[in-house]
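Residue-level structural notes
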Amino acid sequence: MTRTISIRSHGGPSALETVAAEVGKPGTGEVKIIQDAIGVNYVDMMARTGLYPVQLPAVLGFEAAGTVTEVGPGVAGVSTGDRVAYFFVEGAYATERVVSAASLIRLPADISNEVAATFLAKGLTAWMGLRAMHHLKSADTVLVLGASGSVGSMISRWATSLGATVIGVAGSSNKLPKVAAAATHAFPSHDPHLDAKIKDIAPAGVDVVYDLVGQATFALAAASVRKGGVIAAIGAASGQPSPTGFGLAQRQVEVRSGGAPEYVRGQAVAVATAELWDVIRSGIFSDLDIARYPFDDAARVHADWEQRRLNGLPVLIA
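Taking an unreviewed UniProt entry as the reference, the chain is identified by name as Zn-dependent oxidoreductase, NADPH:quinone reductase belonging to Actinoalloteichus hymeniacidonis.

And the structure:
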């Protein structure tokens, strides 16, 4: 038997319920895994509320790590006992499940299941921004909107480690210390002189804007980017932005959007994960706290996220 966290209808955190279910045998190309760490991401909130489409009833979650316990026919490269993780497969909120072997990433000995489930999806999203949406150079000046969030925190730290000048913008003043720890310059989003301060740092505009917020910050992104620069629209917590009306095409500004599954696929998966593990080993993310919740407390994680009570990167421990 497995325990899953499921929803039968869209709604608030109270819509989540623990459901016991049988786990079948793996079919062709599939494996069965016991999962002891499940990542929690913003897309999980979107699926719960109906902003991201899932077929109901649905087991929430897209990221987890665990150990292979059974291998189906036709599987190569994965064996019983291997520790593995995945970063965008629906149905992750489960203690045990069957999953396609093609979606799995084998974990190095020094990367724990908990670390993998906490950092994989968010870290690969950061890699997408820094390597695929815009290949960051040490001479670049970057603006990170939503720099205190999980992905924003990783982008800021990673970009700083690569030598870039990082301007981090936080949603509130109490988050500034966290942003300042990773950025060259840190400002709250409500600063009435924010536009001018960014222009003082980058008179011609920043080379790239990483917008983790969306509609509420897109005007600032458009005003801050240089001619020929890039806006990497990664998040949309405040709604999807509309890039029209800002004269971006006339300034040859590219707006690039999408998620990690679109950019981190095929041969890029091995490249991106190897670089992510090296960044984790280097200690660049060592000051980012992990917020551990018991598996059955998934509703509390969702509530804490919505109420901005999270004190770290959230992970469910089964």
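There is more to say after this.
Following L56, the chain continues into P57 via a peptide bond in cis, with omega recorded as -10°. By secondary structure assignment, the location of P57 is in the loop between α1 (42–49) and β4 (58–59). Even without being glycine, Q252 reaches a positive phi, approximately 55°. Relative to the helices and strands, Q252 is located in the loop between β13 (225–233) and β14 (254–257). Since its relative accessible area comes to 46%, Q252 is described here as partly exposed. For R308, which is not glycine, the phi torsion reads 60° and is therefore positive. One can find R308 in the loop between α9 (298–306) and β16 (313–317).

Of note, H302 is situated in helix α9. Overall, H302 belongs to the buried group, its relative accessible area being 1%. A polar side-chain atom of H302 sits 2.7 Å from a polar atom in the side chain of R48. Not counting the four nearest positions on each side in its chain, H302 is found in contact with P13, L16, D44, M45, R48, L60 and Y93.

Calculation criteria
- Residues numbered from 1 in each chain as written.
- Predicted model: local features only at pLDDT ≥ 70, side-chain atom pairs only at ≥ 80, totals over all residues.
- Heavy atoms only, no water.
- Helix = DSSP H or I, 4+ residues; strand = E, 2+ residues; numbered from the N terminus.
- Buried < 20%, exposed > 50% of the residue type's maximum accessible area, 1.4 Å probe, protein only.
- Polar contact = N/O pair within 3.5 Å; in protein donor to acceptor, adjacent residues only side chain to side chain.
- Contact = heavy atoms within 4.5 Å.

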